[in-house]
Amino acid sequence: MTRITETSDQWWKTAVIYCLDVETFFDSDGDGVGDVAGLVDRIGYLDQLGVTCLWLMPFYPTPDRDDGYDVTDFYAVDPRLGSLGDVVELVRTAKDRGMRVIVDLLINHTSDQHPWFKAARRSKDNPYRDYYVWRADTPPDTSDMAVFPDQEEGIWTLDEKTEEWYLHHFYSHQPDLNVANPKVRDEIMKVVGFWLELGIDGFRVDAVPFFLEDIGMTGQDADAMAHPHDHLKDIRAFLSRRRGDAVLLGEVNVPHEEQVTYFGDGHQLHMMFDFITMQKLYLSLARGDAGPLTEALLTRPEIPEDCQWATFVRNHDELTLDKLSEEERAEVFAAFGPEEEMQIYGRGLKRRVPPMMDGDPRRIRLVYSLLFSLPGTPSLFYGEEIGMGEDLAADGRMAVRTPMQWSPEPNGAFSTAAPAKLVARPVPDGYGPQFVNAWDQMRDPDSLWSFVRQLVQTYRSHPELGRGTFHVLDQPHPEVLAHCVAWDGRMVVAVHNLGGAARTVPLRVDAPAGSTLESLLSDERLVLDDDGAAELALDGYGYRWFHVHHAGGLRLP
Ligand code: NOJ
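Residues numbered from 1 in each chain as written. Predicted model: local features only at pLDDT ≥ 70, side-chain atom pairs only at ≥ 80, totals over all residues. Heavy atoms only, no water.

Draft legend 1. Main features of the overall build of the chain. Scanning the chain from N- to C-terminus turns up 18 helices and 22 strands. For a compact globule of 557 residues, the expected C-alpha radius of gyration is about 24 Å, and the chain comes in at 24 Å, within 12% of that figure. Viewed in the frame of its principal axes, the chain has a C-alpha envelope of about 80 × 55 × 50 Å. Looking at the chain as a whole, 62% of its 557 residues qualify as buried. When contacts within the chain are restricted to residue pairs at least 6 apart in sequence, those whose partners lie at least 24 apart make up 68%. (Helix = DSSP H or I, 4+ residues; strand = E, 2+ residues; numbered from the N terminus. Rg over C-alpha atoms; globule rule 2.2 N^0.38 Å. Buried < 20%, exposed > 50% of the residue type's maximum accessible area, 1.4 Å probe, protein only. Contact = heavy atoms within 4.5 Å.)

Draft legend 2. Quick look at the sheet that holds strand E1 (residues 17-20). Taking strand neighbours around the barrel as the criterion, the eight strands line up as E1-E2-E3-E7-E8-E9-E10-E14 in a closed arrangement whose pairing is parallel. Across this sheet, the average inter-strand angle for adjacent strands is 25°, counted without regard to direction. Pairing between strand E10 (residues 308-311) and strand E14 (residues 377-381): two bridges, direction parallel. Its bridge partner being in E14, Thr311 is matched across the sheet by Pro378. (Pairing = 2+ DSSP bridges. Axes fitted to C-alpha atoms, helices over the stretch in contact; angles between N-to-C directions.)

Draft legend 3. Up close: the nonpolar core. Formed by 144 residues in total, the largest nonpolar core has its most connected members in Tyr18, Leu20, Leu46, Phe203, Tyr282 and Phe372. When residues no more than four places from it in sequence are discounted, the contact partners of Tyr282 are Val313, Leu319, Leu321, Val332, Phe336, Val353, Met356 and Met357. In this structure, Leu473, Cys484, Val493 and Phe546 belong to the second largest nonpolar core, which totals 19 residues. (Core = buried A, V, L, I, M, F, W, Y, C linked by side-chain atoms within 4.5 Å.)

Draft legend 4. Just the environment of Tyr75, in detail. Take Tyr75: it is sitting in the loop between strand E2 (53-56) and helix H5 (84-96). Accessibility expressed as a relative area gives 26% for Tyr75, which makes it partly exposed. Separated by 119 residues in the primary sequence, Tyr75 and Phe194 place their C-alpha atoms 7.4 Å from one another.

Draft legend 5. Expanded view of the packing of helix H7 (residues 182-197) against helix H9 (residues 229-242). Viewed as axis vectors pointing N to C, H7 and H9 meet at an angle of 30°, and their least axial separation amounts to 10 Å. By the angle between their directions, the pair H7 and H9 is classed as roughly parallel. H7 and H9 meet at a crossing whose hand is right-handed. Contact residues: H7 offers Arg185, Ile188, Met189, Val192, Gly193 and Leu196, while H9 offers His231, Asp234, Ile235, Phe238, Leu239 and Arg242. Among the residues making up the contact of H7 with H9, the classes are represented as seven nonpolar, two polar and three charged. (Parallel < 35°, antiparallel > 145°, perpendicular 65-115°, else oblique. Left-handed = near helix turned anticlockwise from the far one by under 90°. Nonpolar A, V, L, I, M, F, W, Y, C, P; charged D, E, K, R; others polar.)

Draft legend 6. Looking closely at the packing of aromatic side chains. Taken as a whole, this structure holds 31 aromatic pairs when the rule is applied. Ring centres of Tyr75 and Phe194 lie 5.1 Å apart, and the angle between their planes is 80°; this geometry places the pair in the edge-to-face category. One end of the pair, Tyr75, is in the loop between E2 and H5; the other, Phe194, is in helix H7, with 119 residues separating them in the sequence. For the ring pair Phe275 and Phe312, a centre distance of 5.1 Å and an interplane angle of 75° mean the geometry is edge-to-face. Residue Phe275 is found in helix H11 (residues 275-287), and its partner Phe312 is found in the loop between E10 and strand E11 (319-320); the two are separated by 37 residues along the sequence. Judged by relative accessible area, which is 4%, Phe275 ranks as buried. The structure contains a cluster of three or more aromatic residues connected by ring pairs, namely Tyr18, Phe25, Phe26, Tyr45, Phe381, Tyr382, Trp406 and Trp449. Lying over the aromatic face of Phe26, Arg42 brings its terminal NZ or CZ to 3.6 Å of the ring centre. The lysine or arginine in question, Arg129, covers the ring of Trp134, its NZ or CZ lying 3.5 Å from the ring centre. (Phe/Tyr/Trp six-rings, centres within 6.5 Å; stacked < 30°, edge-to-face > 60°. Lys NZ or Arg CZ within 6 Å of the ring centre and 35° of its normal.)

Draft legend 7. Highlighting the site of the ligand. The full set of residues close to the ligand is Asp66, Tyr69, His109, Phe148, Phe170, Arg204, Asp206, Glu251, His316, Asp317, Arg397 and Arg401. Note that an oxygen atom of the ligand is positioned 3.0 Å from one of the side-chain N or O atoms of Arg204. Its residues placed into classes, the shell around the ligand shows three nonpolar, two polar and seven charged. (Near = heavy atom within 4 Å. Polar contact = N/O pair within 3.5 Å; in protein donor to acceptor, adjacent residues only side chain to side chain.)

Draft legend 8. The arrangement of the pairing of strand E8 (residues 247-250) in detail. Neither face of E8 is exposed, since Val247 and Leu249 on one face and Leu248 and Gly250 on the opposite face are all buried. Bridge analysis of strand E7 (residues 202-205) against E8 gives four bridges, and the strand direction is parallel. Residue pairing in the sheet places Phe203 in a bridge with Leu248 of E8. In terms of strand pairing, E8 meets strand E9 (residues 271-273) through two bridges, oriented parallel. When the bridges of E9 are listed, Leu249 appears paired with Met271.

Draft legend 9. Here's a closer look at the pattern of salt bridges. Enumeration over the complete set of coordinates arrives at 32 salt bridges. Note that Arg363 is salt-bridged to Asp358, the shortest N-O span being 3.8 Å. Residue Asp358 is classed as exposed on the basis of its relative accessible area, which comes to 64%. Beyond isolated ion pairs, a larger network of salt bridges with shared partners links Asp66, Asp67, Asp317, Arg397 and Arg401. (Salt bridge = Lys/Arg side-chain N within 4 Å of Asp/Glu carboxyl O.)

Draft legend 10. Structural view of the sheet that holds strand E13 (residues 348-349). If you trace the three strands from one edge of the open sheet to the other, you get E11-E13-E12, paired in antiparallel fashion. Of all the strands in the sheet, the pair left with one neighbour each is E11 and strand E12 (343-344). By the bridge criterion, two bridges tie E12 to E13 in an arrangement that is antiparallel. Considered in E13, the bridge of Gln343 is made with Leu349.

Draft legend 11. Up close: the environment of Leu39. For Leu39, the location among the structural elements is in helix H3 (residues 36-41). The class for Leu39 is buried, based on a relative accessible area of 0%. For the pair Leu39 and Ala120, spaced 81 residues apart in the sequence, the C-alpha separation amounts to 36 Å.

Draft legend 12. The environment of Leu366, seen in detail. Within the secondary structure, Leu366 sits in helix H15 (residues 361-373). Since its relative accessible area comes to 1%, Leu366 is described here as buried. Not counting chain neighbours up to four residues away, the residues in contact with Leu366 comprise Leu285, His496, Asn497, Leu498, Tyr541, Gly542 and Tyr543.

This is the structure:
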């Protein structure tokens, strides 16, 4: 595909995704809890930043034992946050600003308080029994399979009343749904259809490998689900039938070569987060060596034309380093989270980017410059644009789920409630709202917010960054990544120095004689010689983006 018009058909290939939790974004009624009406109020802010796709973390009714990832009703809104009416108003307002909205689709499990599970555990012959996965015999030791090893001893829990064990990969209060049951699959389609009908543009699909893996575990409906990926294909076919431009963005943290099976031949997930590249990026940053990142990018498998990687440097969970070797993980821990209180589950970090980079603006900007220039669709977690820090005293992953910091006012102007009533306390100390907030940064052309906004706009005006073919440019410095992405006669060259010492980087670009490299982030210009060569002086942790301009070409930089 090489037409600019196709960038709007496949809008998600050049989108800027922004993930937020309604609960911690903006509280419009002063009860201490963020709400949908509050988010509507802040749509203008997101529009100014240039966000094109909101990803809303779960806002469904919930006992809230996993921050809303434990759902009791897939068709409603947690009354603390608002109503279905508020969500429809949100979707409409977002659309007016050119923003799409995707929501979490939780089909691996429900809360144990969901009416289905309450019914299922009443008796072995309850009609809802087979909505979940049960076993009668004592399970083997599964302690190494529990996703939250600090809380759970394994993935099976005995239901005292019916004396069978039920499956749960996550918490024991989150029983896994039995997707081998056709009735459960029908329920899932209904949920997908419901939200599409309300104007939602797609889904971030939670825990994908887990629910496909469950299939066949109990032998139930084995024939019907002999090919687990058919289940994903069915969801995709249903989604695309209902809404041709809707997207499935999957959470699939498995090695690259396994990950591609979830794209299949282009008829399963449209997009997946690139967990591997994210982890290797941190290894590269820890070492000041571009090698691991470069290798991850070069060994990214080919994916179907109609699929895409989503890039990120932080999300709402632990910053997982589970796919690094033990030694590599130890290096990243030593560099970015040496204290035990900064680490979690033995595999991840509780921290956000700025504190990990010791608050060094050069290194923080380097990270975001990489995020927006590596091939893929960038995804931000709220507060990254202003450089929020974390609250290490908060429990586990809640460290990064603190209230958005709007201004230096009390509670960071997230809420007018008394501090004791807040859903979470704002980040204390040096990264608190007094020092890090949207109000101050939006008025400062040199702030991180203004920088991220520039990255967003430059990314949006250069579709080759989302759609292009990636190449690494040869150059001699191990700490430097020089790459280009090309699409439809356009090319962006980006150069990043992951080391602290200045470097002069010889570049050679495949471009006709007389071409120039026009900086996209400043007014710098490099003239390429007849061999397409030029030299670039980069400071320590320096970065540059260029548009390759052909002599006489009419394209804007
Ligand atoms: C993945 C989500 O990202 C995480 O926050 C949640 O705890 C688990 N799925 C269980 O739903």
